[in-house]
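Each chain, letter by letter, is given below.
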Amino acid sequence: MGSGATERVDLAIRGDHLFFDRLDEAAAEVRFDPIAGADTDPAYGNADGEVTQGELLRVPLSAIERADGAYFAEGPIDLATWITMRMARVAHLGGTEVCSSSDLE
């Protein structure tokens, strides 16, 4: 692209993807119960109605019921790390394709 040229790019932010229970988006389901449980379960939170990062850090993925294979991770990670991993998948160019760092080059 030359100096002074412009290009239009549509960018969609899909906040619902933060709540996906799998990294494979084709098979993913939106689930909020484990996130809410980080606050309401006395083992992790204080039931004050606010889910904090500290509460999410205390929830190991292994503690989340996953009979359907959801939330599977290779290593022992917590729910806060899972959500951070999902952050990379919320922006979509053209409204459909997931952005990657190579899209910025």
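Definitions and cut-offs
- Residues numbered from 1 in each chain as written.
- Predicted model: local features only at pLDDT ≥ 70, side-chain atom pairs only at ≥ 80, totals over all residues.
- Heavy atoms only, no water.
- Helix = DSSP H or I, 4+ residues; strand = E, 2+ residues; numbered from the N terminus.
- Contact = heavy atoms within 4.5 Å.
- Areas by Shrake-Rupley, 256 points an atom, 1.4 Å probe, with all protein chains shown as cover.
- Core = buried A, V, L, I, M, F, W, Y, C linked by side-chain atoms within 4.5 Å.
- Buried < 20%, exposed > 50% of the residue type's maximum accessible area, 1.4 Å probe, protein only.
- Salt bridge = Lys/Arg side-chain N within 4 Å of Asp/Glu carboxyl O.
- Phe/Tyr/Trp six-rings, centres within 6.5 Å; stacked < 30°, edge-to-face > 60°.
- Arc of directions from axis to C-beta.
- Polar contact = N/O pair within 3.5 Å; in protein donor to acceptor, adjacent residues only side chain to side chain.

Asks: What exactly am I supposed to notice about the overall build of the protein here?
Replies: Counting secondary structure elements, the protein contains three helices and three strands. When the helices and strands of the protein are read in sequence order from the N terminus, they spell out β-α-α-α-β-β. Taking all contacts inside the protein whose residues are at least 6 apart in sequence as the whole, residues at least 24 apart take part in 45%. When the accessible surface of the protein is summed, it comes to about 6900 Å², and 53% of that surface belongs to carbon and sulfur atoms.

Asks: Is there a simple way to explain the nonpolar core in this structure?
Replies: Burial of nonpolar side chains together is a common tendency in soluble globular proteins. I35, A38, Y44, L56, V59, L61, I64, Y71, L79, A80, W82 and I83 together form the largest nonpolar core, which totals 12 residues. Mapped by element, the contributors of at least two residues to this core are α1 (33–40) and α3 (79–87). Sorting elements by how many residues they give to this core places α3 first, with four residues. Residue contacts for L56: discarding those within four places in its chain leaves I35, A38, V51, D78, L79, A80 and I83.

Asks: Please explain the environment of G15 as it appears in this structure.
Replies: Take G15: it is sitting in the loop between β1 (11–13) and α1. Note: C-alpha distance between G15 and A91 (76 residues apart in sequence) is 8.5 Å.

Asks: Whenever I open this one, the environment of T40 confuses me. Can you help?
Replies: With respect to the helices, strands and loops of the structure, T40 is situated in helix α1. When the C-alpha atoms of T40 and V51 are compared, they prove to be 8.6 Å apart, with 11 residues separating the residues in sequence.

Asks: Sorry if this is basic, but what is going on with the environment of G54 here?
Replies: As for its placement among the helices and strands, G54 is situated in helix α2 (residues 53–57). In this structure the C-alpha to C-alpha distance between G54 and Y44, which are 10 residues apart in sequence, comes to 8.6 Å.

Asks: I'm lost on the pattern of salt bridges in this one. Help?
Replies: One side chain can pair with another of opposite charge once the charged atoms of both are near each other. All chains considered together, the criterion is met by six salt bridges. D16 is the partner of R14 in a salt bridge, and the nearest nitrogen-oxygen pair spans 3.0 Å.

Asks: Looking at this structure, how should I read the packing of aromatic side chains?
Replies: The geometry of two aromatic rings is summed up by the distance between their centres and the angle between their planes. What the rule picks out here adds up to one aromatic pair. Where F19 meets F32, the ring centres are 5.7 Å apart and the plane angle is 70°; that geometry is what we call edge-to-face. In this pair, F19 is assigned in the loop between β1 and α1 and F32 in the loop between β1 and α1, connecting sequence segments 13 residues apart.

Asks: Just to check I follow, could you spell out α3 for this structure?
Replies: Owing to its 3.6 residues per turn, the α-helix brings residues three or four apart onto one side. What α3 keeps buried is the set L79, A80, W82, I83 and R86. Buried residues in α3, looked at end-on, bunch into an arc of 160°, giving them a common side. Packed against the buried residues of α3 are α1 and α2. Where α3 begins, the capping side chain belongs to D78, and its oxygen is found 3.0 Å from the backbone nitrogen of A80.

Asks: How should I be thinking about α1 in this particular structure?
Replies: Along α1, the residues classified as buried are P34, I35, G37, A38 and D39. Against α2 and α3 lie the buried residues of α1.

Taken by themselves, the reported measurements are silent on function.
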